[in-house]
Amino acid sequence: MLRLSKLTDYGTVVLAGMARAPEQTHTAAKLAETTYLPAATVSKLLKLLTRGKVLNSRRGARGGYRLARPPRDITAVEMIDAIEGPFSITECSSHPGMCGLEPVCAVSHNWQRINLSIRDALRDVTLETLARPIAVPLTRIGANQIAGLTQSKDKN
């Protein structure tokens, strides 16, 4: 199963909170308070996101963190890469030559294509979109529900 870390999930929560007031300078303490996340976790995320050029930081009495760009210009792939490092689904997807089987592997090029497709899809999702509240709550969709949705589309 492909899964992002809990830290990345929390990072999107922090960034979404910041995106709702993009002109404001945010402190780690206030972000921890408003997101209900531990202060140490928020501080760690803010440092990673600053290092990844998603945020800008300023020290001093009026210091804090601000988005480096408008929310519409920050992509999901940038957020993930800043927290997790370059996102890839297999080692050979982002670091060719790292696998000893690569010269004889029949699927490595296909994994690279899949990885590029996923990264392209994540580039299409912006922080602005992630920060926007959804009017209707989403529910977990099981395999049977997906099959039913597919079948109902086929009938139409």
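What counts and how
Residues numbered from 1 in each chain as written. Predicted model: local features only at pLDDT ≥ 70, side-chain atom pairs only at ≥ 80, totals over all residues. Heavy atoms only, no water. Axes fitted to C-alpha atoms, helices over the stretch in contact; angles between N-to-C directions. Helix = DSSP H or I, 4+ residues; strand = E, 2+ residues; numbered from the N terminus. Parallel < 35°, antiparallel > 145°, perpendicular 65-115°, else oblique. Left-handed = near helix turned anticlockwise from the far one by under 90°. Contact = heavy atoms within 4.5 Å. Nonpolar A, V, L, I, M, F, W, Y, C, P; charged D, E, K, R; others polar. Pairing = 2+ DSSP bridges. Buried < 20%, exposed > 50% of the residue type's maximum accessible area, 1.4 Å probe, protein only.

**Quick word on the packing of helix 2 (residues 28-35) against helix 3 (residues 39-51)**
So, step 1. Between helix 2 and helix 3, the shortest axis-to-axis distance is 9 Å and the interhelical angle comes to 120°. In this view, helix 2 runs oblique relative to helix 3, as classed from their interaxial angle. Relative to helix 3, the crossing made by helix 2 is right-handed. Facing helix 2, whose interface residues are Ala28, Leu31, Ala32 and Thr35, helix 3 presents Ala39, Val42, Ser43 and Leu46.
So, step 2. For the contact of helix 2 with helix 3, the residue count by class is six nonpolar, two polar and no charged.

**A short note on the pairing of strand 1 (residues 55-58)**
So, step 1. Relative to strand 2 (residues 64-67), strand 1 runs antiparallel, the two being bridged by four bridges. Within strand 2, the position partnered with Leu55 by the bridge is Leu67.
So, step 2. Between strand 1 and strand 2, which follow one another and run antiparallel, lie five residues, and Gly60 among them has a positive phi close to 110°.

**Structural notes on unusual backbone geometry**
So, step 1. Unusually for a residue other than glycine, Tyr36 sits at a positive phi of about 65°.
So, step 2. Its location among the elements puts Tyr36 in the loop between helix 2 and helix 3.
So, step 3. Phi is positive for Lys53, which is not a glycine, with a value near 65°.
So, step 4. If you trace the backbone, Lys53 turns up in the loop between helix 3 and strand 1.
So, step 5. Residue classification places Lys53 among the exposed positions, given a relative accessible area of 60%.

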